[in-house]
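One letter stands for each residue in the lines below.
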Amino acid sequence: MTEAILLVGGKGTRLRPLTVHTPKPMVPAAGVPFLTHQLARARAAGVEHIVLATSYLAEVFEPYFGDGSALGLHLEYVTEEEPLGTGGAIRNVASRLHSGPDDPVLIFNGDILTGLDIRALVDTHETTGADVSLHLTKVTDPRAYGLVPTDATGRVLAFLEKPQTPEEIVTDQINAGAYVFRRSVIDSIPLDRPVSVERETFPGLLSAGAHLQGMVDSTYWLDLGTPAAFVRGSADLVLGRAPSPAVPGRCGDRLVLPTARVASDAKLSGGTVVGEGAFVAEGARIFGSTILPGAVIEPGAVITDSLIGTRARVGRRSVLTGTVIGDGAVIGPDNELLEGARIWCDARIPAGAVRFSSDQ
């Protein structure tokens, strides 16, 4: 297997304001755009040619990655003029593939952080003679996901919508967002219209008698669709819990990029990242958080499980927990922002304007 399709066209609406100016796969995780980790892991598994299916802010990708040679890859870019869904996006880039009809093509979503053994998925596909092979993972509570039951050999039996009752939970296996397609299956997807692989392509293949194979791999897996998940994923990359050859430094409690400045008595822990040109002042305490390039953390600020956008500023003694601060926003001194707060790009919060506890 030498080819892959990477689906990076989503708008990332659940991640806003992180995605107002930046497409989701380009938001930095562990110091580099998240997409870098996926590309590096694909290359390590033997993939050489990757076609990126882009749509939202499509113009951002190629100036950063170019032809992919810096990563040892050959990258191509195809932009959807109108959103085509997962299946439509796959079909839309098929003309750029070099594979023959029976060759395997790896396909993965641009918002999943995983330790998947990519070679094992391809080997499963080839040894079982499947038309499509799916990475499945087991979750404790599958109610938020579509279920994928399999027989004793791993052959997929059905695709079930999100279960609503306990009786409908017939398995803890879910679609983990990485596939190997026989090339001819890609060519059978309808062209020039929206298609969902989950709701249309896969059920249609099953009903037509095609062989869909599931491979359960329960190593690290995280959907980075929410701000809290994205912050956690970045921290897990830094801590070494999530594998990636693209982390720009040794795994540990913190990752400080070369041009960042951190005061000697500031405390960074829990997989915190301080991006290029950012500044963390004296007495600041930051745990499990991402500070994007050019951001400023003033003295005595306390930041936990949060993401601070590019060129944003967090004022003295402000306390942020589970918060996302958009690019260029300014949080004045002595504010307190708790779980779920999202401050939009370039917003300004005056000193002491937001609190969840007494100011005494």
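Please read these numbers as outputs of a predicted model, since none were measured by experiment.

The helix and strand tally for the protein chain stands at seven helices and 28 strands. The C-alpha radius of gyration of the protein chain comes to 22 Å, within 12% of the 21 Å expected for a compact globule of 360 residues. Projected onto its principal axes, the C-alpha positions of the protein chain cover 70 × 50 × 35 Å. Residues counted as buried form 55% of the 360 residues belonging to the protein chain. Considering only contacts in the protein chain between residues 6 or more positions apart, those separated by 24 or more positions represent 52%. On the protein chain, roughly 15,100 Å² of surface is accessible, and the fraction owed to carbon and sulfur atoms is 51%.

Our next topic: the domain arrangement of the protein chain. If you check the domain split of the protein chain, you get domain 1 (2-223) and domain 2 (253-349). With centres defined by C-alpha atoms, the gap from domain 1 to domain 2 works out at 33 Å. Contacts between the two partners involve ten residues from domain 1 and, on the opposite side, 13 residues from domain 2. Between domain 1 and domain 2 the total buried area reaches about 940 Å² when both faces are included, carbon and sulfur atoms providing 70% of it.

Attention now moves to the side chain of Asp 217. The residue Asp 217 is located in the loop between strand S10 (212-216) and strand S11 (221-223) in this model. Of the side chains with opposite charge, Arg 41 lies nearest to the buried Asp 217, which makes no salt bridge, at 7.6 Å. Within the structure, the side chain of Asp 217 is placed 3.2 Å from the backbone nitrogen of Asp 117, a separation counted as a polar contact. Once residues within four sequence positions are removed from consideration, Asp 217 is found in contact with Leu 116, Asp 117, His 135, Leu 136 and Thr 137.

Attention now goes to the UniProt feature "domain: Mannose-1-phosphate guanyltransferase C-terminal" (unreviewed entry) in the protein chain. Taking the UniProt record as the reference, the feature "domain: Mannose-1-phosphate guanyltransferase C-terminal" (unreviewed entry) is found at residues 252-332. Note that residues 252-332 is 0% helix and 42% strand, and that its end C-alpha atoms are spaced 31 Å apart.

Counting buried residues in S10 gives four out of five residues, a clear majority hidden from the surface. Examined bridge by bridge, strand S8 (residues 132-138) and S10 share five bridges and lie parallel to one another. From the neighbouring strand, Ser 133 faces S10, where its bridge partner is Gln 213.

This part takes up helix H1 (residues 34-44). Side chains three or four residues apart in an α-helix point the same way, a direct result of the helix having 3.6 residues per turn. Burial analysis of H1 places nine of its eleven residues in the buried class, which makes it a mostly covered element. Of all the residues in H1, the buried ones are Phe 34, Leu 35, Thr 36, His 37, Gln 38, Leu 39, Ala 40, Arg 41 and Ala 42. The first or second residue beyond H1 is Gly 46, which carries a positive phi of 105°.

All chains considered together, the criterion is met by 14 salt bridges. Here Asp 131 and Arg 182 are joined by a salt bridge, their closest N and O atoms 3.1 Å apart. Of the two residues, Asp 131 is situated in the loop between helix H4 (118-128) and S8 and Arg 182 in strand S9 (residues 173-182); the sequence distance between them amounts to 51 residues. For the pair formed by Asp 131 and Arg 182, the shared burial category is buried. Between Asp 236 and Arg 232 there is a salt bridge whose closest N-O contact spans 3.7 Å. On the criterion of helical spacing, the pair formed by Asp 236 and Arg 232 is a turn pair, its members being four residues apart in helix H7 (residues 227-239).

Further remarks concern the nonpolar core. Counting 29 residues, the largest nonpolar core has Ile 5, Ile 107, Leu 134, Phe 181, Ile 186, Phe 202 and Leu 212 as the members making the most contacts within it. Looking at this core, the elements with two or more residues in it are strand S1 (3-7), strand S4 (49-54), helix H3 (85-92), strand S6 (104-109), S8, S9, helix H5 (183-187) and helix H6 (197-207). Leaving out residues up to four positions away in the same chain, Ile 5 has contacts with Val 51, Ile 90, Val 93, Leu 97, Val 105, Leu 106, Ile 107, Phe 108 and Ile 186.

Each aromatic ring pair is described using two quantities: the centre-to-centre distance and the angle formed by the ring planes. A complete count under the given rule lists seven aromatic pairs for this structure. Consider the rings of Phe 34 and Phe 230, whose centres lie 6.4 Å apart with planes at 65°: the pair is edge-to-face. Of this pair, Phe 34 sits in helix H1 while Phe 230 sits in helix H7, placing them 196 residues apart in sequence. Comparing Phe 34 with Phe 230, the two get one shared label, buried. Between Tyr 179 and Phe 202, the aromatic rings sit 5.1 Å apart at their centres with planes inclined by 70°, giving edge-to-face as the arrangement. Here Phe 202 lies in helix H6 and Tyr 179 lies in strand S9, a separation of 23 residues in the sequence. Taken as a pair, Tyr 179 and Phe 202 share a single burial class, namely buried. Three or more aromatic residues joined by ring pairs form one cluster here, namely Phe 159, Tyr 179, Phe 181 and Phe 202.

About the thresholds
Residues numbered from 1 in each chain as written. Predicted model: local features only at pLDDT ≥ 70, side-chain atom pairs only at ≥ 80, totals over all residues. Heavy atoms only, no water. Helix = DSSP H or I, 4+ residues; strand = E, 2+ residues; numbered from the N terminus. Rg over C-alpha atoms; globule rule 2.2 N^0.38 Å. Buried < 20%, exposed > 50% of the residue type's maximum accessible area, 1.4 Å probe, protein only. Contact = heavy atoms within 4.5 Å. Areas by Shrake-Rupley, 256 points an atom, 1.4 Å probe, with all protein chains shown as cover. Domains from an automatic or database assignment. Buried area = accessible area lost by both parts, 1.4 Å probe. Lys, Arg positive; Asp, Glu negative; His and termini not counted. Salt bridge = Lys/Arg side-chain N within 4 Å of Asp/Glu carboxyl O. Polar contact = N/O pair within 3.5 Å; in protein donor to acceptor, adjacent residues only side chain to side chain. UniProt positions renumbered as here; feature names shortened; annotations may be inferred. Pairing = 2+ DSSP bridges. Core = buried A, V, L, I, M, F, W, Y, C linked by side-chain atoms within 4.5 Å. Phe/Tyr/Trp six-rings, centres within 6.5 Å; stacked < 30°, edge-to-face > 60°.

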